[in-house]
Amino acid sequence: MEIRLERLAGEDGGIVLLGLDRPAAKNALGRQLMTEFRQALADLRSDPAARVLVVHSLVPGVFCAGADLKERAGMSQAEAATFVQGLRDAFTELEDLPMPVLAALEGAAFGGGLELALAADLRIAGAEARMGLVETSLAIIPGAGGTQRLPRLIGAARAKELIFTARRLDAAEAERLGLVDRVAPAGGALDAALALAREILPNGPVALRMAKLAVNRGLEMDRNSGLAFERACYAQVIPTKDRLEGLAAFREKRKPQYRGE
């Protein structure tokens, strides 16, 4: 097994950890890892109990070294193109998961490894993490969404500079550019991501899903279309039991107990 899903329990029930676990290849994105990754996403997509997902590495010192270039070397041109399309599709599937997704980065996150993290909603990096879209140094381009997600995140000019130069960033510079949202002490990215997940967890599950959908889809639209889509998403929360529970809890000055209904 190269992907490990762990569903937390107790007060953390609803938080799911997706761990990359291919130590011999520094979590390089090979066929087996990606098959397991996409199956895990399919399982999560249909799991209403999964409220927040944290993607992290179980391999010390590395988040994901990128594509498995040794495996890639044995592929024909057609096979390589098909495999990269599979990466592109997989990261879109991650981005389109209905629940909030956090990525906890420790060590290296280069090429496809950073493209994976870009598909998360938020990124938390350990202080010694290093990252970059380094594909042009290998005479290729970011092909798993990096040319699209990075400019949307940090702006076109900054993204072009990082891609054109294949620059490798430390965590502090990545935070300054807006590439990561928080920097934790070295080795503390997962703990910091879990702390953030615990802030998200008490809120209404349906509301969180609709808020994510409204933001993600609205960014693809003009303002008026985005406002209309927000209205449609808001309409989905009005008939929920959770909305009534939230009002009752506010009135009764107690903590709401949301069930995702």
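Residues numbered from 1 in each chain as written. Predicted model: local features only at pLDDT ≥ 70, side-chain atom pairs only at ≥ 80, totals over all residues. Heavy atoms only, no water.

Peer 1: Could you give an account of the overall build of the chain, with specific residues and numbers?
Peer 2: For the chain, the count of helices and strands is 11 helices and 10 strands. When each of the 261 residues of the chain is scored for burial, the buried share is 48%. Partitioning the contacts of the chain with sequence separation of at least 6, the portion at a separation of at least 24 is 68%. Total accessible area computed for the chain in this model is approximately 13,300 Å², and 55% of it derives from carbon and sulfur atoms. (Helix = DSSP H or I, 4+ residues; strand = E, 2+ residues; numbered from the N terminus. Buried < 20%, exposed > 50% of the residue type's maximum accessible area, 1.4 Å probe, protein only. Contact = heavy atoms within 4.5 Å. Areas by Shrake-Rupley, 256 points an atom, 1.4 Å probe, with all protein chains shown as cover.)

Peer 1: Explain a nonpolar patch on the surface to me, using residue names and the numbers behind them.
Peer 2: Judged by side-chain polarity, Leu-69, Leu-138 and Ile-140 come together as a nonpolar surface patch covering roughly 260 Å² of accessible area. The topology assignment puts Ile-140 in the loop between strand E8 (130-132) and helix H5 (146-154). A relative accessible area of 38% means that Ile-140 is categorised as partly exposed. (Patch = residues over 30% accessible without salt bridge, like charges linked within 9 Å, V, L, I, M, F, W, Y side chains within 5 Å. Salt bridge = Lys/Arg side-chain N within 4 Å of Asp/Glu carboxyl O.)

Peer 1: Let's hear about unusual backbone geometry: which residues, and what values?
Peer 2: The backbone of Lys-26 sits at a positive phi, close to 55°, despite the residue not being glycine. Mapped onto the secondary structure, Lys-26 falls in the loop between strand E2 (15-20) and helix H1 (31-45). Residues other than glycine seldom take positive phi values, yet Lys-253 does so here, at roughly 55°. According to the relative accessible area criterion, Lys-253 is exposed, its value standing at 79%.

Peer 1: An account of the pattern of salt bridges is requested, with residue identities and associated values reported.
Peer 2: Counted under the stated rule, the structure contains 15 salt bridges. A salt bridge links Arg-22 to Glu-2, with the nearest nitrogen and oxygen atoms 3.7 Å apart. Here Glu-2 lies in the segment before strand E1 (3-7) and Arg-22 lies in the loop between E2 and H1, a separation of 20 residues in the sequence. Glu-2 carries the same exposure label as Arg-22, and that label is buried. Its salt-bridge partner being Arg-254, residue Glu-245 comes within 2.6 Å of it at the nearest N-O pair. Given the relative accessible area of 17%, Glu-245 is considered buried. Assessed through its relative accessible area of 33%, Arg-254 is described here as partly exposed.

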